[in-house]
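One letter stands for each residue in the lines below.
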Amino acid sequence: MTSSPPFAQSSLLVAVGGGFGAWLRYLTSRAWLAAVGPIKASAFPWSTLTCNVLGSLAMGVLIGAMARYGHHGGEQLRLLLAVGVLGGYTTFSSFAMEFALFVERGTLGMAALYVGVSLAAGFTALFAGLWLMRGAHA
């Protein structure tokens, strides 16, 4: 088991990774806006859904790789990538807010669809990432 880095170093790793992840989330939002336009982009939270699914896939690959190949970089790598980058990129706080907006608008079917697709696709992507890493042979 690797020891945790000092608090200041841990905080810096999470902050730098989180800032980068948030920037990636911003780029994802801009890409959806450019791809479908502002009306369609605001009609359904495509960007948040994309971030949650891709972030879940990346988390599965990362954790699977760390488990398969050992903790090279150990706790620092986990803090930077899993807690920082992926924590900044995935958007479950936005997910919860957007769910609440659907409910408040009275569009319960859209709320249920959004939750169902987000959870099913996110969990499937996480397991796919784990499967990819567990099934990969060097």
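What counts as what
- Residues numbered from 1 in each chain as written.
- Predicted model: local features only at pLDDT ≥ 70, side-chain atom pairs only at ≥ 80, totals over all residues.
- Heavy atoms only, no water.
- UniProt positions renumbered as here; feature names shortened; annotations may be inferred.
- Helix = DSSP H or I, 4+ residues; strand = E, 2+ residues; numbered from the N terminus.
- 1 Å grid on protein atoms, 1.4 Å probe; cavity = no way out; pocket = protein on both sides within 12 Å on 5 of 7 lines; lining within 4 Å.
- Points joined across faces, edges and corners; volume = space filled by probe spheres on them.
- Contact = heavy atoms within 4.5 Å.
- Polar contact = N/O pair within 3.5 Å; in protein donor to acceptor, adjacent residues only side chain to side chain.

A. Representation of the UniProt feature "transmembrane region" (unreviewed entry) in the protein in the model. In this structure's numbering, the residues bearing the UniProt feature "transmembrane region" (unreviewed entry) are residues 7-26, 46-67, 79-102 and 108-132. This span, residues 7-26, is 100% helix and 0% strand, and a straight line between its end C-alpha atoms measures 28 Å.

B. Main features of the layout of surface pockets. Here the largest pocket is characterised by a volume of approximately 220 Å³. For the lining of the largest pocket, the secondary structure elements donating two or more residues are α1 (7-43), α2 (46-69) and α4 (92-105). Looking at the lining of the largest pocket, the element that brings in the most residues is α4, giving five residues.

C. Inspection of the UniProt feature "binding site: Na(+)" (unreviewed entry) in the protein at higher detail. Listed under "binding site: Na(+)" (unreviewed entry) in the UniProt record, and renumbered for this structure, are G87 and T90. Tracing the backbone shows G87 in helix α3 (residues 74-89). Here T90 shows up in the loop between α3 and α4. In this structure T90 touches R25, C51, N52, G55 and S56, once residues within four positions along its chain are discounted. At 2.8 Å, the side chain of T90 and the backbone oxygen of L86 are in polar contact.

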